[in-house]
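Topology and contacts: notes
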2 protein chains.
Amino acid sequence: MSTEYLQPVSWKQVQIEGGFWGPRIQTNREVTLDYQYEQMERTGRIDNFRRASGRKKGEYEGAFFNDSDVYKWLEAASYSLGVYPDKELENKVDKLIKEIASAQQEDGYLNTYFILKKEKRFTNLKDKHELYCAGHLFEAAVAHHKATGEKSLLNIATRFADLIYQIFGPGKREGTSGHPEIEIALMKLYWLTKNRCYLDTAKFFIDRRGKGLVGGNELQQDNIPFRKQKEIIGHAVRAVYLMSGAADVYRQTGDKTLMDALVRLWENTVQKKMYVTGGIGSRYKGEAFGEDYELPNDRAYAETCASIGSIFWNYRMLQLTKEAKYTDIMEKTLYNGFLSGVSLNGKRYFYQNPLQSNGTHQRANWFKTACCPPNIARLLASLGGYFYSISREGVWIHLYGESRATISLTRDRKIVLIQKTNYPWDGKINIKIFPDAQTSFTLFLRIPGWCQNVEISVNSKLIEEIPIPGSYFPLKREWIKGDNVQLNLSMSIDFLKMHPYSSNNGRLAISRGPLIYCIETADQPNIDIFNVLLPPDVKFSPHFEHNLLGEIIALQGNALLRDNFRWKEKLYRTYQNQGRTKAIPIKIIAVPYFTWANRKIGKMMVWIPIV
Amino acid sequence: MSTEYLQPVSWKQVQIEGGFWGPRIQTNREVTLDYQYEQMERTGRIDNFRRASGRKKGEYEGAFFNDSDVYKWLEAASYSLGVYPDKELENKVDKLIKEIASAQQEDGYLNTYFILKKEKRFTNLKDKHELYCAGHLFEAAVAHHKATGEKSLLNIATRFADLIYQIFGPGKREGTSGHPEIEIALMKLYWLTKNRCYLDTAKFFIDRRGKGLVGGNELQQDNIPFRKQKEIIGHAVRAVYLMSGAADVYRQTGDKTLMDALVRLWENTVQKKMYVTGGIGSRYKGEAFGEDYELPNDRAYAETCASIGSIFWNYRMLQLTKEAKYTDIMEKTLYNGFLSGVSLNGKRYFYQNPLQSNGTHQRANWFKTACCPPNIARLLASLGGYFYSISREGVWIHLYGESRATISLTRDRKIVLIQKTNYPWDGKINIKIFPDAQTSFTLFLRIPGWCQNVEISVNSKLIEEIPIPGSYFPLKREWIKGDNVQLNLSMSIDFLKMHPYSSNNGRLAISRGPLIYCIETADQPNIDIFNVLLPPDVKFSPHFEHNLLGEIIALQGNALLRDNFRWKEKLYRTYQNQGRTKAIPIKIIAVPYFTWANRKIGKMMVWIPIV
């Protein structure tokens, strides 16, 4: 691994309690993991393993990719065990691993759909997600080993990975996966085991893309070789999983042609194809990216899994470049397009995350295609891993939030870093630093791109240099135990315009810090919120609400209510230049987008027209 | 048939030459029919019949519904033969009918896919379009018989229809078609043959809908019994074909529960789910209707076939109610969402008809699923049939256009009606009336809903009564040979607003008469038309262009060009209340929507933002 890149600080080193994320991770641990396990039992996902091993009678149940949900849950549970030991969960995990082990074939093969259906292995890489499921097994195995030190799942994974290496590769069988994922997973296995076969196989699967080996279509990211792609297209989750895998291969190989493509495709994504929530993949048809600026509000697909994949990708780009623009996208997606995917109680999920709803779009307890719920669980359970990195120069803080980290800066130098903050409700972040001995290093503080005023103090002494939004501010000094860094990020309420080529011209979105806001019927039950307009001199003020949607800052502002009586049953009317629309002044309340659809069914709108 | 409804005047009675439609129908006859026949030969669609009859070796080629394209072409050719005898075309038609006849099975069954694939008949009504293809055979047969008086195709059709009657019906096999169409066709067969079995079977297929017999999904219009549907949903072409069939069954049976549903669903369609072009079915996914007001411009699906089906439906509603609101929708769809489906040269087609394009949406020579091209051909070839109706009171004029009609008002009273007009380029319509003897009847003149000023003169004498837009104006008198009715419809240029719940708030569409206009790069090659804005006091003027897109009236007006430099690569920016957008005055040219994509590839926009 080249030392010019940032090095991750493992989720195991970061305890998140209290603040914004603490209670959410607690819900994930205490409610979601159990709840999802029950769902997997109820839907036969775990039974499939029992059946494949002959321990239970019956046919394969559910969709052919259902093994992957079990693996993702296992990955989530492992992350959780790595930070919060829990005997009951550990037993459940161990039992599940045994059931998985029993289903594994003698030669290492493992996929309950193919085993039970007696379909021929590796004959439909385009559609049947065999390598995708394998990838999720490998990721779970790496997480489980790192969390527990045990090899029970890792051995299953490496046996299967070895089989895949025996079968696929230059001079062996040609192919790649119709759904990327195994590339990320093989790189994780490689970094853990240092077995070069896994790196070679990951590289092989990326190199073989775009040669028509899996259909030659956009959907499978197979219409064009990865390095030649000019635009991000096709299935959004597949795309960002592929980007993440390619970034990992670049990290190891230094193959610049991969990085060139990654930067080009990232720019296309962020400049032309990303919702203000960070959501990506606007089309229902093919769960795909649209054309540039094709970002409808009501029919936004913006799959939760695509947001998660985008967080993976941006995290990797950040590690490779140290550029804060990637952190900005990672954070934007985390607080909005990702977090909207799970209800406040941890048991109801969104697959699609639209930016406007007439009330018909509702959360579900589970899905037939249940990729999103356990994906949410594994990201929340490993969130601490996205907080920090280290480099030769020192420690990098990417995400702010109440937490305690123990960071090994060098082999013999540990630093404990304690964040006290109610971010993102509040812009004040207090960072206490405890090196185990006095140490010189740089603390790189992320200055969010949306933040126009920043104050940094060290031990109450204001730093005079003015930090640049969208960068890392380096604080270099001899740190001693108890040093105190205070960061004060201005949390102004901003109104955002969207590129005029989009369908949101003439509309504004409301943001405060990293949070995008929306208006919901629940907060203004007596009006039709689709008639709300913002005045040109729009102004909102923040209000801390202790009993609303958990605990949030709601925004209150003056708006106008459009008088719609002339429209009635009409869809079109002749325009007359009559000046301003008829509207009466009202007050409205906006709530964070991620909290929507947690109350009574109603309408929701992010982009509000200006009068 | 109840006499309270309007009676159709056959396409055979109406010669359309010159004016707006004459040259288009000529192109359809002289270019499109031959061209499409070649495409069907090239793609094996006709060979499938040869193979099914054993006259040619080989397997079934193409999609399982490909027979229907051949039938639709045959229907189009038959309509054409009914008005423009053409020995060469007649021979081609006769030869094709013989090939179809040879493929028919002894018991009357006919579907080359099922014959060649040896799949079991009528076992997958949900997906396999068997009854749909049968329907198109029946429609072609009725057209062919009416056009030529021959029974060669009709006999094939009735043999197959009799088989279907033997199989399906109350107490026989349950079922309905996954793709409506056979209902329309059986009613046509019934009205021609008076064989009550066909009426019963049509009624049966409608009654059996929504019982889960073909999957129970929206796509197949099977999620809810037809009479209970509250909203128009699912696959748009299936929906409007079903509506048309239900209207036909209502016409014959007087079953009011059908009409109640039809009116309710029509209102939902027109008030909530129809593009300003008349296009319907906004979603790519499932080629389906969206939610209320879900009508995106760039990703409008608005399939050409759905426009055609909507014309069928509105034509039937008009016949049943005499209400001009149906004619308004029929005309709007005809001139815009339908006519955009075919290029000016008759050889290139749109499947989807978006209202905005960045230049990537292009016409195609043919499609794998080629439902649209022959559907266009059959509507154009039978367009005369949509011009007039009769009732006990007299003659109804629905569509204006240069033409000559011979109408049998009663068994022994013929009226020749000659329209001289350049409508819709010009609002002056001259109607010469030649009854074969002096006759008292009412001439019902359609006053379009978009027309605010109408003058009607008879023999140069102005009628003082003021006609109401969106109604039929009754002119009752003793008509004598050579009576002259002059209609002068004001052709004002209007700007249309869309319901504020849609994504087009803050945008205007331009119309003149029944035509919706758009702006295209081809007319303003030096600017990016996505930066065009309209001033609040927008004004355009008409210009007759003899050498532009055939011959059109283009509109010229003042607009503004947005200065986009501050956006550059940004997708979102912070709003500051800086007043008006920076823009410089320009002149722009708008052309009729239906003419778009007939020149160099470029952008297109219907809904233009107001500054």
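First, a word on scope: everything that follows refers to the structure included in this document. (Residues numbered from 1 in each chain as written. Chains lettered and ligands numbered in written order. Predicted model: local features only at pLDDT ≥ 70, side-chain atom pairs only at ≥ 80, totals over all residues.)

1. Concerning the sheet that holds strand β10 (residues 454-458) of chain B
Residues and elements named next belong to chain B. Condition: Criterion used throughout: strands pair if DSSP finds at least two bridges between them. Numbering goes from the N terminus for both helices and strands, where a helix is a DSSP run of H or I of at least four residues and a strand is a run of E of at least two.
An order of β2-β6-β7-β8-β13-β10-β11 is seen for the seven strands of this open sheet, with the pairing classed as antiparallel. Both outer strands of the open sheet, β2 (14-15) and β11 (461-462), are each paired with one neighbouring strand and no more. Judged from the two bridges that link them, β10 and β11 form a sheet pairing that is antiparallel. Of the residues in β11, the one forming a bridge with Ser457 is Leu462.

2. Some thoughts on the relation of the copies chain A and chain B
The test is simple: Alignment of copies: least-squares fit on C-alpha atoms of residues with pLDDT of at least 70 in both copies. For every residue pair, C-beta atoms are placed from the backbone, and the pair is scored as a contact if these atoms sit within 7 Å.
Superposing chain A onto chain B requires a rotation of 180° together with a translation of 0.0 Å along the rotation axis, leaving an RMSD of 0.0 Å. These values place the two chain copies in the arrangement generated by a two-fold rotation axis. When each C-alpha of chain A is compared by its distance to the rotation axis, Lys285(A) comes out closest, at 2.4 Å. Of all interface residues in chain A, 98% are interface residues in chain B too; the two copies therefore contact each other through one and the same surface.

3. Description of the interface of chain A and chain B
Interface size is commonly expressed as the accessible surface area that is lost when the partners come together. Going by this rule: Each residue gets one of three labels, nonpolar for Ala, Val, Leu, Ile, Met, Phe, Trp, Tyr, Cys and Pro, charged for Asp, Glu, Lys and Arg, and polar for the others, Gly among them.
Chain A puts 42 residues into the contact, and the matching count from chain B is 42 residues. Every element with two or more residues in the side of chain A that touches chain B is listed here: α11 (256-272), β14 (493-498) and β20 (572-574) of chain A. The leading source of residues in the side of chain A that touches chain B is β14(A), at five residues. Grouping the amino acids of the side of chain A that touches chain B by side-chain chemistry returns 17 nonpolar, 11 polar and 14 charged.

4. Observations regarding the environment of Pro535(A)
All names here are of chain A. Operational definition: Neighbour counting defines burial: a residue surrounded by 20 or more other C-beta atoms within 10 Å of its own C-beta is buried, one with 12 or fewer is exposed, and intermediate counts give partly exposed, using backbone-placed C-beta atoms.
Along the chain, the position of Pro535 falls in the loop between β17 (532-533) and β18 (540-545). For Pro535, a count of 15 C-beta atoms within 10 Å corresponds to the partly exposed category. Separated by 50 residues in the primary sequence, Pro535 and Val485 have C-alpha atoms spaced 40 Å apart. In contact with Pro535, not counting residues within four places along its chain, are Asn558, Leu560 and Val611.

5. Details of the sheet that holds strand β12 (residues 471-479) of chain B
All names here are of chain B. The five strands are arranged β1-β4-β5-β9-β12 in an open sheet whose pairing can be described as mixed. Taken across any chain shown, the strands that pair with only one partner, and hence form the sheet edges, are β1 (7-8) and β12. Sheet analysis places strand β4 (residues 388-391) next to strand β5 (residues 394-397), joined by four bridges and oriented antiparallel. Considered in β5, the bridge of Ser391 is made with Gly394.

6. Quick notes on the packing of helix α12 (residues 304-321) of chain B against helix α14 (residues 372-381) of chain B
Residues and elements named next belong to chain B. Quick reminder of the rule: To define axes, lines are fitted to C-alpha atoms, for helices over the stretch in contact only, and angles between the resulting N-to-C directions are given on a 0 to 180 degree scale. If you view the pair so one helix is near and one far, a crossing is left-handed when the near helix is turned anticlockwise from the far one by less than a right angle, and right-handed when it is turned clockwise.
Orientation of α12 relative to α14, taken along the N-to-C sense of each, is 30°, at an axis distance of 9 Å. Two packed elements cross with a definite hand, and for α12 against α14 that hand is left-handed. Facing Thr304, Cys305, Ile308 and Ile311 of α12, the residues of α14 in contact are Cys372, Asn375, Ile376 and Leu379. Taken together, the residues that form the contact of α12 with α14 break down as six nonpolar, two polar and no charged.

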